[in-house]
Amino acid sequence: MILKLKSKISIFFLSISLIFNSCIEEPVQFENDFSGNFEALWHIIDTRYCYLGYKNIAWDSIHDVYATKIELIKGNDKVQLFDLFADMLAELRDGHVNLYSDFDISRYDKWYTDSASNFNGSVIRNRYIENGKLRTAGGLQYGKLKGHYIGYVYYGSFSNSFSSANMANVFKSFEDCNALIIDVRDNGGGSLSYSELLASYFFQEETLTGYMCYKTGTGHNDFSKPTEVKTPAHESLRWERPVAILTNRYSYSATNDFVNRIHHAPYAFTVGSWTGGGGGMPLSSELPNGWMVRFSACPMYTVDMQDTECGLAPDYYACTTPEQEADSIDAVLEKAITVIKKGNKPEGNNKH
């Protein structure tokens with residue numbers, strides 16, 4: 001571990017965004033009435049959303065079904081129109097797709113609500129952490145596990161900032177620890193820059209960790225050739241001991257990206273359940289009435305070109321049963337401790 005502090009934030013995703021916007025023109029203009037806004041929304045998804053082909057979504061048929069429902073809206077009821085649009089967007093089965101108005105935001109959340117939570121922060125703090133106290137360094141919460149030479153870090157959102165100075169203090173407090181656990185359960189995502197930065201502390205050299213494509217035309221399968229996504233090794237701060245990453249179904253978006261990267265770190269492995277996915281980098285566009293639609297625009301892949309949209313499998317599966325949770329047992333954390341103590345690590349470390 002080296003404690004000279006510098007950080008490197010990649011501008012890769014910003015560059016991809018600029019390329020994407022230069023390749024795909026904004027949709028043609030539509031009238032600012034109910035039908036016009038419907039056609040505008042359908043057209044944006046038809047030409048710019050990146051998973052219609054991958055998910056085998058019959059978008060033309062969905063147009064016909066929902067177009068007939070426009071005529072059933074009574075009066076000038078914008079709430080009914082919003083709900084109709086939200087229902088149509090839910091057909092995409094994508095947590096990155098949202099419709100924003102001045103009175104509501106649509107969300108699709110079945111990618112995690114139909115799964116076990118597999119996480120209870122109170123159980124972690126009260127049963128497993130020394131003195132029941134987690135310190136805070138930026139967006140990171142950390143403490144040592146009772147009875148083990150293992151450090152524990154909880155990171156609840158990639159929207160919460162942290163610096164290399166924060167991480168240096170975390171690592172310094174774990175100098176006598178043999179291993180580290182990073183818990184990203186219930187982390188719904190945020191900044192890809194923080195995903196790259198957090199992963200960089202666990203690499204010894206710059207490593208290819210995935211690919212990204214971007215739309216080159218309006219067809220459902222009009223994509224560029226895959227562009228490499230590499231994870232750098234931090235210039236001065238590195239953890240070179242075992243690190244277990246704890247995941248659940250709500251580990252989404254930038255968290256999914258972090259897990260995809262960390263699979264290739266030399267001392268890392270993942271424990272828990274499948275991540276939630278969210279492998280498409282989102283962009284936004286505006287309807288004639290001013291409502292904004294956010295949608296997945298650029299698909300992201302593993303190093304063997306498996307799409308990450310539907311989530312990533314853990315190296316070691318573990319799930320906390322309701323009975324275990326009632327007894328204040330976290331089976332995912334317990335599994336990570338067991339693997340660390342046995343010194344095991346999956347061959348290839350990339351089971352998707």
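Residues numbered from 1 in each chain as written. Predicted model: local features only at pLDDT ≥ 70, side-chain atom pairs only at ≥ 80, totals over all residues. Heavy atoms only, no water.

*Asks:* Please clarify how the overall build of the protein should be interpreted in this entry.
*Replies:* Tallying secondary structure elements over the protein gives 11 helices and 12 strands in all. Burial status across the protein gives 53% buried among its 352 residues. Here the analysis covers contacts within the protein between residues at least 6 apart in sequence; of these, 75% occur between residues at least 24 apart. About 15400 Å² of surface is accessible on the protein, with carbon and sulfur atoms providing 47% of the total. (Helix = DSSP H or I, 4+ residues; strand = E, 2+ residues; numbered from the N terminus. Buried < 20%, exposed > 50% of the residue type's maximum accessible area, 1.4 Å probe, protein only. Contact = heavy atoms within 4.5 Å. Areas by Shrake-Rupley, 256 points an atom, 1.4 Å probe, with all protein chains shown as cover.)

*Asks:* Which parts of the structure should I look at to understand the side chain of Thr 207?
*Replies:* Here Thr 207 is to be found in strand 6 (residues 207–212). A residue is classified by how much of its surface remains accessible, and Thr 207, at 19% relative accessible area, is buried. Apart from the residues lying within four places of it in its own chain, the contact partners of Thr 207 are Val 229, Lys 230, Thr 231 and His 264.

*Asks:* What's the story with the side chain of Arg 185 in this structure? I'm lost.
*Replies:* Structurally, Arg 185 is set in the loop between strand 5 (179–183) and helix 8 (192–200). Within polar-contact distance, the side chain of Arg 185 engages the side chain of Asp 183 at 2.8 Å. What Arg 185 contacts, discounting residues up to four positions off in sequence, is Asn 118, Phe 119, Ile 124, Tyr 154, Leu 246, Thr 247, Asn 248, Ser 251, Asp 330 and Val 332. (Polar contact = N/O pair within 3.5 Å; in protein donor to acceptor, adjacent residues only side chain to side chain.)

*Asks:* Could you clarify how one ought to interpret the nonpolar core in this entry?
*Replies:* Buried together is how nonpolar side chains tend to be arranged in soluble globular proteins. Counting residues in hydrophobic clusters, the biggest one holds 38 residues, and the most contacted among them are Trp 59, Phe 85 and Leu 92. Where this core is concerned, the elements lending two or more residues are helix 2 (34–48), helix 3 (59–70), helix 4 (78–90), strand 10 (280–286) and strand 11 (292–301). Per-element tally for this core: the top contributor is helix 2, with 7 residues. With sequence-adjacent residues up to four places away left out, Leu 92 is seen in contact with Ile 45, Tyr 49, Leu 52, Lys 55, Ile 57, Trp 59 and Val 97. One finds Ala 137, Met 167, Phe 203 and Val 259 within the second-largest nonpolar core, a separate group that totals 35 residues. (Core = buried A, V, L, I, M, F, W, Y, C linked by side-chain atoms within 4.5 Å.)

*Asks:* Is there a simple way to explain the packing of aromatic side chains in this structure?
*Replies:* Centre distance and the angle of the planes are the two values used to describe a pair of aromatic rings. With the rule as written, the count across this model stands at 22 aromatic pairs. Their ring planes at 55 degrees and their centres at 5.7 Å tell us that Tyr 51 and Tyr 54 sit as a pair that is tilted. Using a relative accessible area of 39% as the deciding quantity, one classes Tyr 54 as partly exposed. Look at Phe 171 and Tyr 201: their rings are 6.1 Å apart centre to centre, the planes differ by 80 degrees, and that puts the pair in the edge-to-face class. In this pair, Phe 171 is assigned in helix 7 (residues 164–173) and Tyr 201 in the loop between helix 8 and strand 6, connecting sequence segments 30 residues apart. For the pair shown, Phe 171 and Tyr 201 are each scored as buried. An aromatic cluster is present here, built from Phe 38, Phe 82, Phe 85, Phe 103 and Trp 291 joined pairwise through their rings. (Phe/Tyr/Trp six-rings, centres within 6.5 Å; stacked < 30°, edge-to-face > 60°.)

*Asks:* Whenever I open this one, a negative patch on the surface confuses me. Can you help?
*Replies:* A cluster of acidic residues, Asp 83, Asp 87, Glu 91 and Asp 104, forms a negative patch on the protein surface. Residue position: Asp 87 is located in helix 4. (Patch = residues over 30% accessible without salt bridge, like charges linked within 9 Å, V, L, I, M, F, W, Y side chains within 5 Å. Salt bridge = Lys/Arg side-chain N within 4 Å of Asp/Glu carboxyl O. Lys, Arg positive; Asp, Glu negative; His and termini not counted. Charge placed at Lys NZ, Arg CZ, Asp CG, Glu CD.)

*Asks:* How do you make sense of unusual backbone geometry when you look at a structure like this?
*Replies:* A negative phi holds for most residues other than glycine; trans holds for most peptide bonds. Non-glycine residue Ser 253 carries a positive phi angle of around 60 degrees. Note on placement: Ser 253 falls in the loop between strand 8 (243–247) and helix 9 (254–262). Given a relative accessible area of 15%, Ser 253 falls into the buried group.

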